[in-house]
Amino acid sequence: MKSIEISLVLFINFSLILGANILVLEGLPSPSHHVLFRVVNEALAARGHNVTSISADIDENVSQNLTYLHLDRVYEHLYDSDDMNFVDIGKVNPWITLGILNHYILKAFTGLQKSSGYHQLLAYPDDFKVDLIIYDFIATPMLLGFKHKFGNPPLIGLTGYNAISTTSAIIGSPYHSAFVPHHCRLDTGNSFLKRVENYLLHWADHASRKYIILPKLYSALKKDLPNLPPLAQLEETARLALINYNPVFEPSEPMLPGVIGVAGLQIKDPKPLPPDIEEIASKGAFIFFSLGTNAQPEMLGDARLKHIIETMRELKQFMFFWKAKGRLPIDTPPNLVMRSWFPQSDLLAHPNARLFISHCGLLSTYEATWRGVPILAVPIFLDQFMNAENSVKAGMALEYDIRNVTKNTFKAIILEMISNPKYKENTLVRSKLFRDQPEMPLDRALWWIEYVIRNPKENIFKSEAIQLNIFQKHDVDVLIFIFVIFLIILYIKLKIIAAILRGICKSLQKTQKNKKD
């Protein structure tokens, strides 16, 4: 009888999560972020959930219970001019980068509101049953108005970014600007002036988000979604934040229980390579080259491309696989294969992979580490510089400035990384640490997502700091109060001392006057 009761409880719990309706809001237009979300979308669909994802990047041949609504006008608006050349704008000072990011978000939002997928979702009835919403919170809540439209179901934040402090708006995490670099920084230095800059960057980011970005988004969204509450208020209802974090790579900082590190969730057991790629890869040592999903070869310019191609031509003992769209305006050597897509993680798992020349996006850095392949880091934009620096500190990478590429220096650093065994040895150490986990990162993410589905009314992992404003979170009001009290006490003491001194002076003057008389 007892076993029947246990079985019944298990069946009821399973039924509670089976076939949940999940809405996924992929607000950030970035193919690399979609790589992460695609894995989660497919995994949830495979577990019997009905998943609807609204995204600028969509997949074909998806499972029956996975539907994509296409934000088909976003990239058109983002790249309607030449101002999004990531090579040119990537290595500027962090203040300009912060401005570029704000510009990027607003342009993306303009395209989003004109997209067919956005209007499809608007046309859904308000009583459409949604059991859970997952959204990419790093891109600001540009799609979060749909949470209000569908009756405020439970909310989970998920992102391909790694900083714990970015969960402040949804979970209440504090900013530790004394030792955690802002994502617009080009390095992780913590000298006094660097810490001053870092502190100001955090505050400027907060202010621009709260007083510029969110009001503009809200004003536009209210036209489509009447009675919409403040976007910041919607964000604060998030139950959990799943982030692309692992302490093997990132600087340690305090983490609230509602922040779950799921770095590497896109990594699966390697599959066989396509036959044509396997045929080439199996012939000998090869180098994989990728600048990520946003930077394309034409952004480098013909002069840099010529140096890169000539380097490959001279290193004919290696095969090069280069993931890039379009064709080069230069004749390519026979040891170079260029395609718009490669099965990156599977290619890095091949025993003949010797080196990964990478922009050091987080997903790429994690995949190379998991597979044990050293990285020649050529960062382009944003956190890629700090990812590269952390990889160099771990001894598994060297950094090279692709903006100043020359054939001789590029060739020399490639040969150094391949001929010196320490880079491979250090990579294998990091790989062992990264793999040493109680479960696969994807399994961890799925467990927590279904935890919220199983417990839709519970919200026990959020810090009360979410109710505090930024001045209170950082005790700025307390410090000002203490400083003002200190000034008042100091003022009173100085007044007393001045009064005593005046009394002494008067006494001395009186004494001297009496002596004269």
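Calculation rules
- Residues numbered from 1 in each chain as written.
- Predicted model: local features only at pLDDT ≥ 70, side-chain atom pairs only at ≥ 80, totals over all residues.
- Heavy atoms only, no water.
- Pairing = 2+ DSSP bridges.
- Helix = DSSP H or I, 4+ residues; strand = E, 2+ residues; numbered from the N terminus.
- Axes fitted to C-alpha atoms, helices over the stretch in contact; angles between N-to-C directions.
- Expected span 1.5 Å × (residues − 1).
- Buried < 20%, exposed > 50% of the residue type's maximum accessible area, 1.4 Å probe, protein only.
- Arc of directions from axis to C-beta.
- Contact = heavy atoms within 4.5 Å.
- Phe/Tyr/Trp six-rings, centres within 6.5 Å; stacked < 30°, edge-to-face > 60°.
- Lys NZ or Arg CZ within 6 Å of the ring centre and 35° of its normal.
- Salt bridge = Lys/Arg side-chain N within 4 Å of Asp/Glu carboxyl O.
- Right-handed = clockwise from strand over helix to strand, strands pointing away.

**Concerning the sheet that holds strand β13 (residues 397–399)**
Part 1: On the basis of which strands lie adjacent, the open sheet formed by six strands has the order β10-β9-β8-β11-β12-β13 and parallel pairing. Looking at strand neighbours, the two that pair on one side only are β10 (336–339) and β13, the edges of this open sheet. Neighbour-to-neighbour, the strand axes of the sheet open up by a mean angle of 15°, direction not taken into account.
Part 2: For strand β8 (residues 286–290) and strand β9 (residues 319–323), the ladder comprises five bridges, and the chain directions are parallel.

**What about helix α16 (residues 407–419)?**
Part 1: Look at α16: 18 Å from first C-alpha to last across 13 residues, which is about the 18 Å you get at 1.5 Å a residue.
Part 2: Listed in full, the buried residues belonging to α16 are Phe410, Ile413, Ile414 and Met417. Considered in projection along α16, the buried side chains sweep an arc of 100° and stay on one side of the axis. In this structure, α16 carries Asn408 and Ser419 as exposed residues pointing more than 90 degrees from its buried face.
Part 3: Tucked inside the fold, the buried residues of α16 contact β8, α12 (302–314), β11 (353–358), β12 (375–377), β13 and α17 (421–435).

**Thoughts on the packing of aromatic side chains**
Part 1: Per the stated rule, a full pass over the model turns up 22 aromatic pairs.
Part 2: Geometrically, the ring pair formed by Phe249 and Phe434 is edge-to-face, given 5.0 Å between the ring centres and 90° between the ring planes. A residue pair is termed long-range when its members are at least 10 positions apart, and Phe249 in the loop between β6 (238–243) and β7 (259–261) and Phe434 in helix α17 qualify at 185 residues. Neither residue differs from the other here; Phe249 and Phe434 are each classed as buried.
Part 3: Pairing Phe288 with Phe356 gives two aromatic rings, centres 5.3 Å apart and planes at 15°, and the pair type is stacked. One end of the pair, Phe288, is in strand β8; the other, Phe356, is in strand β11, and 68 residues separate them in sequence.
Part 4: By relative accessible area, which is 0% here, Phe356 ends up buried.
Part 5: An aromatic cluster is present here, built from Tyr118, Tyr124, Phe128, Phe146 and Phe150 joined pairwise through their rings.
Part 6: The ring of Trp447 carries the charged tip of Arg454 above its face, separated from the ring centre by 5.0 Å.

**Let's talk about unusual backbone geometry**
Part 1: One non-glycine residue, Asn152, lies in positive phi territory at about 55°.
Part 2: Relative to the assigned elements, Asn152 resides in the loop between α7 (145–149) and β5 (155–158).
Part 3: Notably, Asn227 is not glycine yet its phi reads approximately 60°, a positive angle.
Part 4: Its location among the elements puts Asn227 in the loop between α9 (192–224) and α10 (231–235).
Part 5: The exposed category is assigned to Asn227, whose relative accessible area is 69%.

**Brief notes about the pattern of salt bridges**
Part 1: Applying the stated criterion across every chain, the model contains 13 salt bridges.
Part 2: Between Lys149 and Asp126 there is a salt bridge; the shortest N-O distance is 2.6 Å. With Lys149 in helix α7 and Asp126 in the loop between α6 (116–123) and β4 (132–135), this residue pair connects regions lying 23 residues apart in the sequence.
Part 3: A residue is classified by how much of its surface remains accessible, and Asp126, at 53% relative accessible area, is exposed.

**Here's the deal with the pairing of strand β1 (residues 21–25)**
Part 1: Counted residue by residue, β1 has four buried out of five residues, so it is predominantly covered.
Part 2: Pairing of β1 with strand β2 (residues 50–55), which is carried by five bridges, proceeds in the parallel orientation. Along β2, the bridge assignment pairs Asn21 with Asn50.
Part 3: In this view, the connection linking β1 to its parallel neighbour β2 by way of helix α2 (residues 31–46) has right-handed handedness.
Part 4: Where β1 lies against β4, four bridges are found, and the strand directions are parallel. Across the sheet, residue Leu23 finds its bridge partner in β4, namely Ile133.

**As for the sheet that holds β2**
Part 1: In spatial order, the strands read β3-β2-β1-β4-β5-β6-β7; together these seven strands make up an open sheet with parallel pairing. At either end of the open sheet lies a strand with only one pairing partner, and these are β3 (66–70) and β7. Going across the sheet, the axis of each strand differs from the next one's by a mean of 20°, ignoring polarity.
Part 2: Its contacts with the sheet put α2 on β1, β2, β3, β4 and β5, and the angle it makes with β3 is roughly 145°.
Part 3: In this fold helix α18 (residues 441–454) packs onto β1, β4, β5, β6 and β7, with an angle of close to 175° to the strand it touches most, β6.

The values reported here are purely geometric and, on their own, carry no functional implication.
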